[in-house]
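An overview of the molecular structure
Listed below, chain by chain, are the residues.
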Amino acid sequence: MRLRTPMPEIKGVTKWVNGEVSQETLADKPVLVHFWSISCHMCKASFPEVKQMREDHPELEMIGIHMPRSEKDTDIDAVLETIEKYGLEHPQAIDNEHNVVDAFENEFVPAFYLFDRKGVLRHRSAGEKALSMLKKPLERVLGETE
């Protein structure tokens, strides 16, 4: 996905956990879409920081997208167990068919896509430094009133 493009619809999800989101429920809100996988050690290591970000910024809509990287990763019970174990309380989409992954043109986990209140992609980052690279753009987007 290129910067300054609109957020794709999040549809074709295998299973929603902790509530479902739609374009309507996300309208006029800053949104952070977080791709992760149960087989990704780096993803699990980042969960405490992701949770802290959610607590520090209640105005930010966060959506987790579980992106399976192997057949084993499509085990819904294992994904549910991981969501529970790490206390991921924001909406989580289990995307076993890669419908959301493909809509976002995402190839990596962990990966973060930050959208402003108008639904425009303002930042994306992936890999080990993804969260640290997100801090300044997040402050900028959250600081914008319109």
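The structure reproduced in this document is the subject of the present report. Small disclaimer: the values here were computed from a predicted structure and weren't measured.

Thresholds, definitions, all that
Residues numbered from 1 in each chain as written. Predicted model: local features only at pLDDT ≥ 70, side-chain atom pairs only at ≥ 80, totals over all residues. Heavy atoms only, no water. Helix = DSSP H or I, 4+ residues; strand = E, 2+ residues; numbered from the N terminus. Expected span 1.5 Å × (residues − 1). Bend = angle between axes of the 7 residues up to and from the residue. Buried < 20%, exposed > 50% of the residue type's maximum accessible area, 1.4 Å probe, protein only. Contact = heavy atoms within 4.5 Å. Salt bridge = Lys/Arg side-chain N within 4 Å of Asp/Glu carboxyl O. Phe/Tyr/Trp six-rings, centres within 6.5 Å; stacked < 30°, edge-to-face > 60°.

Regarding helix H2 (residues 41-56)
The end-to-end C-alpha distance of H2 is 24 Å, a good match for the 22 Å that 16 residues give at a rise of 1.5 Å each. The largest bend along H2 reaches roughly 40° and is located at phenylalanine 47, with the proline proline 48 sitting one to four residues downstream. Those residues of H2 that fall on the buried side of the exposure criterion are Cys43, Ser46, Phe47, Val50, Met53 and Arg54. In this fold, the buried residues of H2 make contact with strand S2 (31-36), strand S3 (61-66), helix H3 (76-85), strand S5 (111-115) and helix H5 (130-143).

Structural notes on the pattern of salt bridges
This model, assessed by the stated rule, comprises five salt bridges. One salt bridge in this structure joins arginine 122 and aspartate 116, with 3.2 Å as the shortest N-O distance. No difference in accessibility class separates arginine 122 from aspartate 116, as the two residues are buried. Where glutamate 144 meets arginine 122, a salt bridge forms, and the shortest distance between an N and an O atom there is 2.6 Å. In this pair, glutamate 144 is assigned in the segment after H5 and arginine 122 in strand S6 (residues 121-126), connecting sequence segments 22 residues apart. A cluster of three or more residues bridged by salt bridges with shared partners is formed by Asp116, Arg122 and Glu144.

Structural notes on the packing of aromatic side chains
Ring pairs (aromatic) are described by centroid distance and by the angle formed between their planes. Tallying each qualifying case throughout the model produces six aromatic pairs. Seen from their ring centres, phenylalanine 104 and tyrosine 113 are 5.4 Å apart, and the 75° between their planes marks the pair as edge-to-face. One aromatic cluster is present, formed by Phe35, Phe104, Tyr113 and Phe115 through successive ring pairs.

Details of the environment of methionine 62
Within the secondary structure, methionine 62 sits in strand S3. Among the residues examined, methionine 62 registers a relative accessible area of 3% and is labelled buried. Sequence spacing of methionine 62 and glutamine 23 is 39 residues, and the spatial spacing of their C-alpha atoms is 13 Å. Not counting residues within four places of it along the chain, the set of residues in contact with methionine 62 comprises Leu32, Val50, Met53, Arg54, His90 and Pro91.

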